[in-house]
Protein chains: 2
Amino acid sequence: MSQEKQITKQHLGSMESRYRARFINSLTGFKSANLVGTVDQQGNPNLAIVSSVVHIGSNPPLIGFINRPNSVERHTLENILATKSFTLNSIDEDIAALAHQTSARYPKNQSEFQAVGLTPYTDNDFIAPFVLESGLKIALTLKEHHIIKANDTELIIGEVEQVRVPSDAIQPDGYLDVESMDLVTISGLDSYHVTQRLYRLDYAKPDKALEPLSVSGEKTEWKVNQSTMD
Amino acid sequence: MSQEKQITKQHLGSMESRYRARFINSLTGFKSANLVGTVDQQGNPNLAIVSSVVHIGSNPPLIGFINRPNSVERHTLENILATKSFTLNSIDEDIAALAHQTSARYPKNQSEFQAVGLTPYTDNDFIAPFVLESGLKIALTLKEHHIIKANDTELIIGEVEQVRVPSDAIQPDGYLDVESMDLVTISGLDSYHVTQRLYRLDYAKPDKALEPLSVSGEKTEWKVNQSTMD
């Protein structure tokens, strides 16, 4: 490994602003890649890429994301507050470049769907549009909303109303094999990656060696190297 | 692609609880993998794996994570509230299984560092311990703290005080090549993956074709396929 560099708060403060944005956005490692679909009260659709989606809880099923201030995504926030509904749509290798293009500052009256070439899809049950090309589609209702005082960003939390997913991806124990769907992950502001599974690992317990699982959640023969464990 | 399965809120509610936890935890796609290092007021170290770290902002540099209620990570929360400090430490391929093992329910008086075989490392400037084996180490001071009413989880936000990273990973434009450090990403509750970069993409603008960037942030010759864009 190369030499470790130590960067202080003072160094961070003196960085050029785009350089700092790229650096700080890289610190959180690999991030989920999603498209947020909304409509305004006139029914005009909006689509924005986000890398800040985070699991909040399973029961009730809650998912959150961080919405940045003064950005194109502001339309997203306005629409969610007005309609209480939004969708999260997965980004796979085939649509990653189109998804990235939604981050351009299109005027409010222009649909990002049309601008980048993705297809809005709605059903009768839900007002916010899905992305037809996304393998994994989630419909959510606004549940809670926190303003982060330190920088005026907002945490939006939705409750899952509906999930659409290829049935093949659902494993017998409930795990969804998102790698089989070629979903991408984002690092920094602009780097897109596909993945290669190392292993699934069984629920950890004290004083018990870890057991690797197959993708379908069954015990396997091989052992994980835990040589430094006592 | 296989047939799309539609799962309603009612279906989710009727799922067996571990099945539902695996399913809902999979919906957010690929997640960042980090170890949170803390100490209590007696100086006893604690270490917990989290997959909920999220970028909050670059200026000031803020990073958050979701802390679950009634879990082993509760020690983490208590320690952060008591000492106002914590570290985030990256998980690479070599330590992924050890990191997973920190999720076992060790008693409060047992250090997860010692239990799983990772090395706490502190310097004079900062009270919370780093993980020596982690390539990317971040020291943070508690800045803000939100209780999510819907399920009693908490959003912890820290301001970055210090970053330690291999100097080779820092690219000329500020981007950190986390793939070169073999960092892993998590899907669901228990699946670990390494990555393969597709491309970096230039800042998107309306009416401008996307330009791919090299890992070091320079323009490249080849073009991204945006065939469905108008």
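Treat the numbers as computed from the prediction; the structure is a model and nothing was measured.

Novice: Residues and numbers for helix H2 (residues 17-26) of chain B, please.
Specialist: Where H2(B) is concerned, the buried positions are Arg20(B), Ala21(B), Phe23(B), Ile24(B), Asn25(B) and Ser26(B). Buried-residue contacts for H2(B) involve strand E5 (54-58), strand E6 (61-67) and strand E11 (153-166) of chain A together with strand E1 (4-8), helix H1 (9-14) and strand E2 (31-32) of chain B. N-capping of H2(B) is provided by Glu16(B), with a side-chain oxygen placed 3.2 Å from the backbone N of Arg18(B).

Novice: Would you mind going over the pattern of salt bridges in detail, with residue names and values included?
Specialist: Any two side chains of opposite charge can pair, so long as their charged atoms come close to each other. Evaluation of the coordinates by the stated rule reveals 29 salt bridges over all chains. Measuring nitrogen to oxygen at the nearest pair gives 2.8 Å for the salt bridge that ties Arg200(B) to Asp190(A). Residue Arg200(B) is found in strand E13 (residues 191-201), and its partner Asp190(A) is found in the loop between strand E12 (185-187) and strand E13 (191-201); the two belong to separate chains. Accessibility assignment for this pair places Arg200(B) and Asp190(A) in one class, buried. Of the charged contacts in the structure, one is a salt bridge between Asp177(B) and Arg197(B), with a shortest N-O distance of 2.8 Å. Note that Asp177(B) is positioned in the loop between strand E11 (153-166) and strand E12 (185-187) and Arg197(B) in strand E13, a separation of 20 residues in sequence. On the basis of relative accessible area, Arg197(B) is assigned to the buried category, the value being 19%. Among the charged side chains, a network of salt bridges with common partners joins Glu4(A), Asp123(B), Lys137(B) and Arg164(B).

Novice: So, the interface of chain B and chain A: which residues are in play, and what are the values?
Specialist: Reports of interface size often rely on the accessible area that becomes lost once the parts have come together. The partner chain A presents 120 residues to the 120 residues of chain B that form the contact. Here chain B meets chain A over a buried area of about 10300 Å², counting both sides, of which 59% is carbon and sulfur. Inspection of the region where chain B meets chain A yields 13 salt bridges. The salt bridge involving Glu4(B) is made with Arg164(A); its shortest N-O contact spans 3.3 Å. Considered class by class, the residues forming the side of chain B that touches chain A number 54 nonpolar, 37 polar and 29 charged. In the sheet, E11(A) pairs with E1(B) via 5 bridges, with the strands oriented antiparallel. The residue of E1(B) that forms the bridge with Gln162(A) is Thr8(B).

Novice: Describe the environment of Ile170(A), and please don't skip the residues or the numbers.
Specialist: Along the polypeptide, Ile170(A) turns up in the loop between E11 and E12. The spacing of Ile170(A) and Lys84(A) is 86 residues in sequence and 28 Å in space, taken between C-alpha atoms. The residues touching Ile170(A), leaving out its near neighbours within four places in the chain, are Val165(A), Tyr175(A), Leu176(A), Lys5(B), Ile7(B), Tyr19(B) and Phe23(B).

Novice: Report on the relation of the copies chain B and chain A, specifying residues and quantitative values.
Specialist: Laying chain B over chain A is done by rotating through 180° and shifting 0.0 Å along the axis; what remains is an RMSD of 0.0 Å. Both copies are brought into coincidence by an operation consistent with a two-fold rotation axis. Residues of chain B ranked by C-alpha distance from the rotation axis are headed by Thr195(B), positioned 2.1 Å from it. The fraction of interface residues of chain B whose copies in chain A are also interface residues reaches 100%, indicating that both copies meet through the same surface.

Novice: Tell me what's going on with the packing of aromatic side chains, and back it up with residues and numbers.
Specialist: Geometrically, a pair of aromatic rings is defined through the distance of the ring centres and the angle of the planes. Considering all chains together, one arrives at 6 aromatic pairs over all chains under this definition. When the centroid spacing of 6.0 Å and the interplanar angle of 55° are considered together, the rings of Tyr192(A) and Tyr199(B) count as tilted. Linking Tyr192(A) in strand E13 with Tyr199(B) in strand E13, this pair reaches from one chain into another. Consider the rings of Phe65(B) and Phe86(B), whose centres lie 5.7 Å apart with planes at 65°: the pair is edge-to-face. Within this pair, whereas Phe65(B) is found in strand E6 (residues 61-67), its partner Phe86(B) is found in strand E7 (residues 85-90), the two being separated by 21 residues in sequence. Of the two residues, Phe65(B) and Phe86(B), neither departs from the other in class, the shared state being buried.

Novice: So what's going on with the pairing of strand E10 (residues 137-148) of chain A? Which residues, and what values?
Specialist: Regular strands place side chains that alternate from one sheet face to the opposite one. Residues and elements named next belong to chain A. As defined by bridge partners, strand E7 (residues 85-90) adjoins E10 across 5 bridges and the pair is classed as antiparallel. By the bridge assignment for E10, Ser85 is matched with Thr141. Of the strand pairs in this sheet, E10 and E11 are connected by 11 bridges, and their pairing is antiparallel. Residue His145 lies in a different strand from E11, and its bridge partner there is Ile156. Once E10 ends, the chain turns through 4 residues before running back antiparallel as E11, passing Asp152 with a positive phi of about 65°.

Rules behind the numbers
- Residues numbered from 1 in each chain as written.
- Chains lettered and ligands numbered in written order.
- Predicted model: local features only at pLDDT ≥ 70, side-chain atom pairs only at ≥ 80, totals over all residues.
- Heavy atoms only, no water.
- Buried < 20%, exposed > 50% of the residue type's maximum accessible area, 1.4 Å probe, protein only.
- Helix = DSSP H or I, 4+ residues; strand = E, 2+ residues; numbered from the N terminus.
- Contact = heavy atoms within 4.5 Å.
- Polar contact = N/O pair within 3.5 Å; in protein donor to acceptor, adjacent residues only side chain to side chain.
- Salt bridge = Lys/Arg side-chain N within 4 Å of Asp/Glu carboxyl O.
- Buried area = accessible area lost by both parts, 1.4 Å probe.
- Nonpolar A, V, L, I, M, F, W, Y, C, P; charged D, E, K, R; others polar.
- Pairing = 2+ DSSP bridges.
- Least-squares fit on C-alpha atoms with pLDDT ≥ 70 in both.
- Phe/Tyr/Trp six-rings, centres within 6.5 Å; stacked < 30°, edge-to-face > 60°.

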